[in-house]
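Tertiary structure, described
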Amino acid sequence: MKNFLRLIQRLQSKLTTKLIPYHAPKETQDAQHQDTRTRASTQPGLAGEALLLSSQLKGQNFHLPDLCKDFESWPSATSKHAEQLEALVNTMLERIITNEKKLRALKRANFGRLMSLWYPDSDWEELKVATAYSVWIFVWDDEVDAGDTDVSNDEEKARAYYKKSLGCVHRLLGLGEEVAEDQIPQNMELFADVGRGVRDTTDVEQRQRFFRELENFMLQVGIEHGHRMRGSIPTTEKYLEIRSGSVGCGPQIALTDYMLKIRLPEPLMECEAMKALWKETIIICLILNDVFSVQKEIAQNSYFNLVPVMFRNCDPKEQSLDTVTHELEVALRGSMRNFEEAAASLVDMTSSDAQVNEKIQDYIKWCRYFTTGVLLWSLESRRYGMADCRNEDGSLDIVL
């Protein structure tokens, strides 16, 4: 447990969100944990250490306490546009998904509910842009993760996919040469709606910050995809570094001021307390996302998830899913305390300016909405199937 807490603390000092210019990290191998031999897989899509983990974890019970209790003091609410959002999401999915089976699955996920939880106070025009972005990024990411697409099964095609997408994002945000409407790829049509929405209402610094976060997201998705293809399992520290980017929270946070119709001073956006607020929001959501999606991912033969990674890196004498659960609980609560400290610092440093202070409190409140939205939607959505795992006391028994 102490080792995992130290890893979280090290990540918090090491991880830089894209509030500052991004420099791509070099992927390294860990000699202690990297299996240099490729095991012959008897299961499709499994190789390397993932194959070993499959034999250890498949069919095991992963028990989680009721995590809602940890967030009882954090706000949650629902948008008055909830029904419209459900219809909007379905319309957007129909625009870009041609595979009927995939379309049905994505509609069942109820992304409209997630948008309603994330943005309960936002106006309709901003909601349309945020929904276009969120649907786009879910679909874009699924193209890489699904395991049933050319991109997900070929690293060269995946790299071309990232490069082409990133170039299109840059231009659609008004940060490069314009792209003609008839040259926008189908998988980027929804992001074109995002670009049109933010170009006229945000400044260049805001859009550059958003772009840097998307750049980091795509880079880390690529690194994650490589691990999945090889079946390699990194150290917990390396995993947290990769997943903090690939979980996709950074770009969503970068849209916050647009969604709230505010503009915080740039020095405040770059201060240490703001960076800490972003980091803790990302870590909390990372933990929540991974524990609720682990069953779905293992069913797809994917073991690049915090639960299997922590299990793989446990002290052999303490290696169990109960150990993983305990360490995750401690880490989650520690990150929440750090979030509160960062929030208090931001409120305190803006106390002399009533207008900025009100805006920063709204910003902090949204970060809480974002987190509780991830929690509640993940428990409800058919995407993860947690409703079938829930006990009367709110705890979960997840069969891997």
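What you see is a predicted model, and the numbers here were worked out from it, not measured in a lab.

Basis of the calculations
- Residues numbered from 1 in each chain as written.
- Predicted model: local features only at pLDDT ≥ 70, side-chain atom pairs only at ≥ 80, totals over all residues.
- Heavy atoms only, no water.
- Helix = DSSP H or I, 4+ residues; strand = E, 2+ residues; numbered from the N terminus.
- Buried < 20%, exposed > 50% of the residue type's maximum accessible area, 1.4 Å probe, protein only.
- Contact = heavy atoms within 4.5 Å.
- Areas by Shrake-Rupley, 256 points an atom, 1.4 Å probe, with all protein chains shown as cover.
- Axes fitted to C-alpha atoms, helices over the stretch in contact; angles between N-to-C directions.
- Parallel < 35°, antiparallel > 145°, perpendicular 65-115°, else oblique.
- Left-handed = near helix turned anticlockwise from the far one by under 90°.
- Nonpolar A, V, L, I, M, F, W, Y, C, P; charged D, E, K, R; others polar.
- Pairing = 2+ DSSP bridges.
- Polar contact = N/O pair within 3.5 Å; in protein donor to acceptor, adjacent residues only side chain to side chain.
- Salt bridge = Lys/Arg side-chain N within 4 Å of Asp/Glu carboxyl O.
- Expected span 1.5 Å × (residues − 1).
- Arc of directions from axis to C-beta.
- Core = buried A, V, L, I, M, F, W, Y, C linked by side-chain atoms within 4.5 Å.
- Phe/Tyr/Trp six-rings, centres within 6.5 Å; stacked < 30°, edge-to-face > 60°.
- Lys NZ or Arg CZ within 6 Å of the ring centre and 35° of its normal.

Across its full length, the protein carries 17 helices and two strands. Looking at the protein as a whole, 56% of its 400 residues qualify as buried. In the protein, 79% of the contacts between residues at least 6 apart in sequence involve partners at least 24 apart. In the form shown here, the protein has an accessible surface area of approximately 17800 Å², with 47% of it arising from carbon and sulfur atoms.

Before going further, it helps to examine the packing of helix H3 (residues 82-96) against helix H4 (residues 100-108). Axis separation between H3 and H4 bottoms out at 10 Å; the angle between their running directions is 160°. Accordingly, the angle class assigned to the pair H3 and H4 is roughly antiparallel. Of the two elements, H3 crosses H4, and the hand of that crossing is right-handed. Packed against H3, whose contacting residues are Asn 90, Leu 93 and Glu 94, the element H4 presents Leu 103, Leu 106 and Lys 107 at the interface. Among the residues forming the contact of H3 with H4, the class breakdown is three nonpolar, one polar and two charged.

For the rest of this paragraph, the subject is the pairing of strand S2 (residues 396-399). Each regular strand displays side chains that alternate between the two surfaces of the sheet. Of the two faces of S2, only the one carrying Leu 396 and Ile 398 is buried; Asp 397 and Val 399 on the other face are not. Pairing of strand S1 (residues 61-64) with S2, which is carried by four bridges, proceeds in the antiparallel orientation. In the strand pairing of S2, Leu 64 is matched with Leu 396.

Topologically, Ser 246 is positioned in helix H10 (residues 236-246). A polar side-chain atom of Ser 246 sits 3.2 Å from a polar atom in the side chain of Arg 243. Apart from residues lying up to four places away in sequence, Ser 246 is in contact with Phe 217, Gln 220, Val 221 and Glu 224.

Moving on: the pattern of salt bridges. Taken as a whole and assessed by the stated rule, the structure comprises 22 salt bridges. Across the salt bridge formed by Asp 66 and Arg 390, the nearest N and O atoms sit 3.9 Å from each other. With Asp 66 in the loop between S1 and H3 and Arg 390 in the loop between helix H17 (354-380) and S2, this pair connects stretches of sequence that are 324 residues apart. On the basis of relative accessibility, which here comes to 38%, the residue Arg 390 falls in the partly exposed class. A salt bridge links Asp 193 to Arg 196; its shortest N-O distance comes to 2.4 Å. Here Arg 196 and Asp 193 lie together in helix H8 (residues 189-199), a separation of three residues that amounts to about one turn. Three or more residues are tied together by salt bridges with common partners; here these are Asp 203, Glu 205, Arg 209, Arg 263 and Glu 266.

If you trace the backbone, Ser 293 turns up in helix H14 (residues 272-299). In sequence terms Ser 293 and Asn 305 are twelve residues apart; their C-alpha atoms lie 8.4 Å from each other. Setting aside its immediate chain neighbours within four residues, Ser 293 contacts Asn 305 and Tyr 384.

This next bit is on helix H7 (residues 155-172). Across its 18 residues, H7 extends 26 Å between first and last C-alpha, which sits within 8% of the 26 Å expected from 1.5 Å per residue. Residues Ala 158, Tyr 161, Tyr 162, Ser 165, Leu 166, Cys 168, Val 169 and Leu 172 constitute the buried set of H7. When H7 is viewed along its axis, its buried side chains cluster within an angular range of 165° and face the same direction. Facing away from the buried surface of H7 by more than 90 degrees, the exposed residues are Glu 156, Lys 163 and Lys 164. The positive-phi residue at the C-terminal boundary of H7 is Gly 174, with phi of around 75°.

Of all hydrophobic cores here, the largest spans 128 residues; its most connected members are Phe 62, Trp 136, Phe 191, Met 274, Leu 277, Phe 292 and Tyr 363. Looking at this core, the element that brings in the most residues is H14, giving 15 residues. If we skip the residues at most four places from it in the chain, Phe 62 touches Val 291, Val 294, Val 307, Leu 321, Val 324, Thr 325, Leu 328, Leu 396, Asp 397, Ile 398 and Leu 400.

Mapped onto the fold, Ala 130 is located in helix H6 (residues 124-145). Exposure remark for Ala 130: the relative accessible area of 0% places this residue in the buried category. Taking C-alpha positions, Ala 130 is 9.9 Å from Phe 191, a pair spaced 61 residues apart along the chain. Setting aside its immediate chain neighbours within four residues, Ala 130 contacts Met 115, Tyr 119 and Met 259.

One pass over the structure, following the stated rule, counts 21 aromatic pairs. With a centroid separation of 4.8 Å and an interplanar angle of 40°, the aromatic rings of Trp 74 and Phe 339 are classed as tilted. Of the two residues, Trp 74 sits in the loop between S1 and H3 while Phe 339 sits in helix H16 (residues 321-349), which places them 265 residues apart along the sequence. With relative accessibility at 6%, the residue Trp 74 sits in the buried group. Residue class for Phe 339 comes out buried when judged on its relative accessible area of 0%. Arranged with centres 5.4 Å apart and planes meeting at 70°, the rings of Tyr 133 and Phe 210 form a pair that is edge-to-face. Taken as a pair, Tyr 133 in helix H6 and Phe 210 in helix H9 (residues 204-230) lie far apart in primary sequence, 77 residues in all. In this structure, Tyr 133 and Phe 210 share a single accessibility class: buried. Through successive ring pairs, a cluster of aromatic residues spans Tyr 133, Trp 136, Trp 140, Tyr 161, Tyr 162, Phe 191, Phe 210 and Phe 217. Lying across the ring of Trp 74, Arg 368 places its NZ or CZ 5.1 Å from the centre.

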